[in-house]
Amino acid sequence: MLVIGTAAGQRPTQRTRATTPSSQTAPSGVITAIKVEGNQRIETGTILSYLLVQPGDQFDQDRLDRSLKTLYATGLFQDVRLGRSGDTLVVRVVENPVVNRVAFEGNHKLTDDQLRSDIQLRPRAVFTPALADADRLHILDMYAKKGYYDATVEPQIIHLDQNRVDVVFQINDGAATLISKIVINGNKAFSEDRLAEVINSRESRWWRFLSSSDQYEPERLAYDKELLRRFYLKNGYADIQITDASAELSPDRKGFFLSFTVDEGARYRVGKITINSQLRNLTPAQLKPTLQFASGDWYDGDAVGRTSDLIEEAVHNRGYAFVEVKPRVERNTEKHTVDLTFDVGEGPRVYVERIDIVGNTRTQDQVIRREFRLAEGDPYSADLVRRSKTRLTDLGYFQSVDITTAQGSAPDKAILTTNISEKATGELSFGGGYSTDAGALIDVGLSESNLVGTGINAGINGTLAQFRSSIDASVTDPYFLGRNLVGGADMFLIQTQYLGTEPYDERRAGFSLRLGYDFNEHLRQVWSYSLVNRDVFNIQPYAGIFIQNEAGTTLLSQISQTLTIDYRDSKVLPHTGYIIEGGTDLAGIGGDARFVRGNLNAAYYISLERLLGSPDWGLKFAGSTGYMALLPGGREEIIDRFFLGGDNLRGFFIGGAGPHDTVYGSPLGGRFIWTQTTEMRYPLPVSPDLGLTGRAFVDVGGLTQASFRNGGGCTAAAGVSCQIDASAAPRVGAGVGISWQTAFGLINVDLTPFVIKQPGDQTQLFRFGFGTRF
């Protein structure tokens, strides 16, 4: 028999010729039949379908070679041989085994499910050594992404009957391969320590056990390179070049050495600034307030981008639908100045043809579409697209949000595709902590911020603490009735044990209804109605007569409104901008209380980053005032008054500053309050990875108008016990504090050693707050 094929287990890489011991000529003749041998699972017809010859064809050497390669390419066979017996073509195959089971042993840093989901071998799939080796390399890559470059993986093949195999990957996690050293070369203007704070990668330290920043990742190295470049551009180095960014694995595979080489160049100042407006009725002078720098300032690459965005936004706000802002940068290498020109013109007339949403398996389309600042058919605006992306990200429903723009059915039409990746929005939380106000506390909560994909926020929360315990349930619809309305309801039960500052306990139970709306991006108003049953009990025997008269239950029926103007750059951690809140309360539509109460709060934030080089430097100026007027026919309650101390005046206990009775010292509150806070934030001389920031503050405040209607039930027979000490002199608290953002929660500590007080005030040197959820 003439054999046309390859040795067992070898894949053909070149044409195989038919040979006989005495001849080098190719086989000839007509194939009368094809016989398949050795197949067990694979049907004969399946094998024949891969052949490029059939009975009646010639014994063509080229077609036979290609048939051989085609059979190997299926991956179904361990060995294939083509032979000739007379005029019969004989196909002998050895099938690859079938995977019976895939198992992992020795893995601790990655679970079996994580490994199994990313490999190719599966039970009942065909096994090949190439697939096993590919999976081995893939597992090593998975460990490398986790920072374990020292891991080893060895596939073990266990042969079973019926041509089956078990594949067992023997894994040794090894030790985590962390970043041992970061070296920056060529830097002159900034120290190596300062530049090390700019990049995301960090050298391994014991306190980073909850962070991955000390693990090497190639993508992070490329990002670090870009961060260095942006940092230098931000600080005036327009010629900056990062000539090298490399990572080297130590010989023992236990650590990485990162190296960056910078070529700083000269530092540039801003020279001439020009705004060229090509739009009708729009002058450069009208756009000048948007500039984020002035001539003579150090050049800031980030500020150029911010200015372009602000100019575009300002032009849009003036009614121009299509606008394009092109910044031009001209460097003068001799004078080391940068001339900036902003060309403002009409952009291409492009309209939004369609908005597509991809990836929302749970969140309803309408919940996403209502956050867009533009709709189908509107003029396209890159600024509005950015704002839409920010609004979607701020919802907290998605892990990632990406909006891409593509040309539509015509050059003047655009299709916006929103790709989102959803995340879990439900939370079952258990927490604990300690605060000066509430004492030791335990917190349990169940909440869902995107109820069945509708965007409705619902939850129930309970807190058990030494001095203040509560349980409340709430539901909020951010688009009530499908309109620009925020509707919500709350039910609550709160019990407060005042102990040191007040000789009584208080319990509140009730509900509130809320309805709010946004006038625009910065102005909103919220209305609410509350019905609350208040019970003052457990009054101590030593309490004064004003406190004794508070005993019992009262009903509060109150309508409130809050108007907010918010121009802060961030609602969570503001650095610039301001916020003003004005609120009023009207009690007397039913219930026992009769009063009108108003308050005004404002805060202004100034970033010192341009002066001091760090975003952690900043100033905050805040002030508040409130007034309460009594209405005829109502009962005046101490618990409805303003109190001074605690959060609104550090250095004093809650209610510890202000009017009090002269005999027992019990705080009585007041109907007029004012406070002012000046605070400076600053970075601490420790690694930024620790999450520590410092602050210095001065709080000033006053509380007056403490007299009671009709003497508060205090008769002349009571004598001195009716007297109230209500000094209008300002109280002052000055000190320092730190905030520590940990993986377990935010810790706030304030130390206020300098106070200006009046007789009878209760001071508080140390104020501490900590809480977490897990």
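Right, let's walk through the structure included here. Model, not experiment: these values are computed from the prediction. (Residues numbered from 1 in each chain as written. Predicted model: local features only at pLDDT ≥ 70, side-chain atom pairs only at ≥ 80, totals over all residues. Heavy atoms only, no water.)

### Some thoughts on the overall build of the protein chain
Each helix and strand in the protein chain was counted, giving twelve helices and 34 strands. The globule rule puts the C-alpha radius of gyration for 774 residues at 28 Å, and the 38 Å found for the protein chain is more than 25% above it. Principal-axis analysis of the C-alpha atoms places the extent of the protein chain at approximately 140 × 70 × 55 Å. Taking all 774 residues of the protein chain together, the buried fraction comes to 41%. Counting only contacts in the protein chain whose residues sit at least 6 apart along the sequence, the fraction spanning at least 24 positions is 60%. If you sum the accessible surface of the protein chain, you get close to 39100 Å²; carbon and sulfur atoms cover 54% of it. (Helix = DSSP H or I, 4+ residues; strand = E, 2+ residues; numbered from the N terminus. Rg over C-alpha atoms; globule rule 2.2 N^0.38 Å. Buried < 20%, exposed > 50% of the residue type's maximum accessible area, 1.4 Å probe, protein only. Contact = heavy atoms within 4.5 Å. Areas by Shrake-Rupley, 256 points an atom, 1.4 Å probe, with all protein chains shown as cover.)

### Description of the side chain of Ser560
Of note, Ser560 is situated in strand β24 (residues 552–566). Within the structure, Ser560 has its side chain in polar contact with the side chain of Asp585 (distance 2.7 Å). Other than its neighbours up to four places away in sequence, Ser560 contacts Val526, Trp527, Ser528, Thr584 and Asp585. (Polar contact = N/O pair within 3.5 Å; in protein donor to acceptor, adjacent residues only side chain to side chain.)

### A few points about a nonpolar patch on the surface
Together, Ile565, Tyr567, Tyr578, Ile580, Leu600, Tyr604 and Phe621 make up a nonpolar patch on the protein surface, roughly 590 Å² of accessible area in all. Contributions of two or more residues to the nonpolar patch are made by β25 (577–587) and β26 (595–607). (Patch = residues over 30% accessible without salt bridge, like charges linked within 9 Å, V, L, I, M, F, W, Y side chains within 5 Å. Salt bridge = Lys/Arg side-chain N within 4 Å of Asp/Glu carboxyl O.)

### Considering empty space enclosed by the protein
Within this structure, the stated rule accounts for one cavity of 30 Å³ or more. In this structure, the largest cavity encloses a volume near 30 Å³. In this structure, the largest cavity is lined by Arg650, Gly651, Asp750, Thr752, Gln764, Leu765, Phe766 and Arg767. Secondary-structure elements contributing two or more residues to the lining of the largest cavity are β33 (745–756) and β34 (766–773). Split into classes, the residues belonging to the lining of the largest cavity amount to two nonpolar, three polar and three charged. (1 Å grid on protein atoms, 1.4 Å probe; cavity = no way out; pocket = protein on both sides within 12 Å on 5 of 7 lines; lining within 4 Å. Points joined across faces, edges and corners; volume = space filled by probe spheres on them. Nonpolar A, V, L, I, M, F, W, Y, C, P; charged D, E, K, R; others polar.)

### Some thoughts on helix α8 (residues 301–317)
Between its first and last C-alpha, α8 extends 25 Å over 17 residues, near the 24 Å set by a 1.5 Å rise per residue. Listing the buried residues of α8 in full gives Ala303, Val304, Thr307, Ser308, Ile311, Glu312, Ala314, Val315 and His316. In the core, the buried residues of α8 are packed alongside α7 (284–287), β12 (324–332), β13 (337–345) and α10 (382–394). With a side-chain oxygen lying 2.9 Å from the backbone nitrogen of Asp302, the N-terminal cap of α8 falls on Asp300. One or two residues past the end of α8 sits Gly319, with phi positive at roughly 100°. (Expected span 1.5 Å × (residues − 1).)

### A short note on the nonpolar core
Residues Leu195, Tyr216, Tyr232, Ile240, Leu258 and Phe260 are the most contacted members of the largest nonpolar core, which totals 23 residues. At the level of secondary structure, the elements contributing two or more residues to this core comprise β8 (178–185), α5 (192–198), α6 (218–234) and β10 (255–263). A per-element tally of this core places α6 first, with six residues. If sequence neighbours within four positions are ignored, Leu258 has contacts with Ile179, Lys181, Ile182, Val183, Ser201, Tyr216, Leu221, Ser246 and Ala247. Residues Ala238, Leu287, Phe293 and Val315 belong to the second largest nonpolar core, which totals 21 residues. (Core = buried A, V, L, I, M, F, W, Y, C linked by side-chain atoms within 4.5 Å.)

### Topic: unusual backbone geometry
The residue Arg124 is not glycine, and still its phi comes out positive at about 75°. The phi angle at Asn163 is positive, at roughly 55°, despite the residue not being glycine. Within the element layout of this structure, Asn163 appears in the loop between β6 (152–160) and β7 (164–172).

### Let's talk about the sheet that holds strand β15 (residues 398–407)
Spatial strand order, β14-β16-β15: three strands in an open sheet with mixed pairing. Here the strands that pair on one side only, and so sit at the sheet edges, are β14 (351–358) and β15. Between one strand and the next, the sheet's axes are offset by a mean angle of 20°, whatever the strand orientation. Sheet topology note: the β15/strand β16 (residues 413–422) ladder contains nine bridges and is antiparallel. In the sheet register, Ser400 faces β16, and the bridge partner there is Ser421. Strands β15 and β16 of the sheet are contacted by α10, whose axis makes an angle of about 160° with β15. (Pairing = 2+ DSSP bridges. Axes fitted to C-alpha atoms, helices over the stretch in contact; angles between N-to-C directions.)

### Overview of the pattern of salt bridges
Between side chains of opposite charge, a pair can form when the charged atoms approach closely. On inspection of all chains with the given rule, the structure shows 45 salt bridges. Here Arg568 and Asp566 are joined by a salt bridge, their closest N and O atoms 2.9 Å apart. A salt bridge links Arg695 to Asp750, with the shortest nitrogen-to-oxygen separation between them at 3.0 Å. In this pair, Arg695 sits in strand β30 (residues 692–704) while Asp750 sits in strand β33, placing the two residues 55 residues apart along the sequence. Considered together, Arg695 and Asp750 belong to a single accessibility category, that of buried residues. Through salt bridges with shared partners, a single ionic network connects Asp309, Glu312, Glu371, Arg373, Asp383, Arg386, Arg387, Arg391 and Glu521.

Everything listed here is a matter of coordinates, which is why it stays silent on function.
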